[in-house]
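Geometric and topological summary
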Amino acid sequence: MWREKIVCPHCGKLTEKGLYCKFCGKPLEAKPEVPITEKTTPPQEIPAQETTPPQEIIPSIQEVAEERKIIEQLSAFYNWRNKLIELFLNGEASPDVFIDIYKEYRMRIQAVNEKRIQMIRELEERINDLTVKLENLKIRHEVGEVPDRQYITEKLNIDRELSKLKPKLNILHNAFNIKIAEVPRYEAKIRELKERISEDGVSRGLTNEDVAMIISDLDEILENIQSLMEVHKRLTKELEKVELRYKVGELTSEEYETMKQKIQRQMEM
């Protein structure tokens, strides 16, 4: 048994007819889209420009390949360094060998991280420029300087570029390449490593300077992960609100499942 479907006016994906899109979670309009079923194709008479193709909204793998490569490389160094600390604390590495490899990973992290930060700055500058340009365009349109057709065309071009840049920025901000749902566990692991190296580092053969260096590095991770923790807290709170709205009867089962799945997808990003 098929269910009636429509093309989402926001993300361009084929979704089940309802109040919200099951992919992007945004409200579906009742009339702009023509209903279709799984056994049919969209009417050919609908002009292509009326619906933005998905590839113009969601960056392709190639478009974010450089950002993903940087983050995968950086997160690998972080994971190896964390694992190295564990091995040392478990007595599986001598102090001299441990500290030599640790400093090697430390230098690699610093080098890749400098490149990541530079990429973030460039993206933020471009996004800021586009945001200002969009605001200026809006004002010029409102006062009548820019006609409707020109406004729509230029706005679409800016929106499309922003839709490609923002995901890249999100990728670069997650230096540890971990899902939002896993952030609390990752933070707890780093805190445990910090506590153990602080208590046992010197007794296992490290100098006070080496212990201080490692603790400083772990503190840096904890500081940088706070932004991800805030996202986790926000999404957890949103999920709790959705569940309560459903329990009191404000949301239907369909609305609840749609909104819940949207939040859960964000937690798995």
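Each remark here, short or long, concerns the structure printed above.
Right, let's walk through the structure included here.

1. Topic: the pattern of salt bridges
Following the criterion strictly, the structure yields 13 salt bridges and no others. A salt bridge links Glu-104 to Arg-108; the nearest nitrogen and oxygen atoms lie 2.9 Å apart. Remark: Arg-108 and Glu-104 occur in helix H2 (residues 95-142); sequence separation between them is 4 residues, near one turn of the helix. Judged by its relative accessible area of 34%, Glu-104 is partly exposed.

2. Considerations on the environment of Glu-161
You can see Glu-161 is positioned in helix H3 (residues 148-173). Spatially, the C-alpha atoms of Glu-161 and Arg-126 are 9.7 Å apart, while their sequence positions differ by 35 residues. Aside from chain neighbours lying at most four places away, what touches Glu-161 is Arg-126 and Leu-130.

3. What to know about the packing of helix H6 (residues 226-247) against helix H7 (residues 253-267)
Two elements in contact, H6 and H7, have axes whose closest approach is 10 Å; the angle formed by their N-to-C orientations is 170°. Taken together, the axis directions place H6 and H7 in an arrangement best described as roughly antiparallel. Side by side, H6 and H7 meet where His-232, Leu-235, Thr-236, Glu-238, Leu-239, Val-242, Glu-243 and Tyr-246 of the first sit next to Ser-253, Tyr-256, Met-259, Lys-260, Ile-263, Gln-266 and Met-267 of the second. A class-by-class count of the residues in the contact of H6 with H7 yields 8 nonpolar, 4 polar and 3 charged.

Rules used in this analysis
Residues numbered from 1 in each chain as written. Predicted model: local features only at pLDDT ≥ 70, side-chain atom pairs only at ≥ 80, totals over all residues. Heavy atoms only, no water. Salt bridge = Lys/Arg side-chain N within 4 Å of Asp/Glu carboxyl O. Helix = DSSP H or I, 4+ residues; strand = E, 2+ residues; numbered from the N terminus. Buried < 20%, exposed > 50% of the residue type's maximum accessible area, 1.4 Å probe, protein only. Contact = heavy atoms within 4.5 Å. Axes fitted to C-alpha atoms, helices over the stretch in contact; angles between N-to-C directions. Parallel < 35°, antiparallel > 145°, perpendicular 65-115°, else oblique. Nonpolar A, V, L, I, M, F, W, Y, C, P; charged D, E, K, R; others polar.

All quantities given are derived from atomic positions and should not be read as evidence of function.
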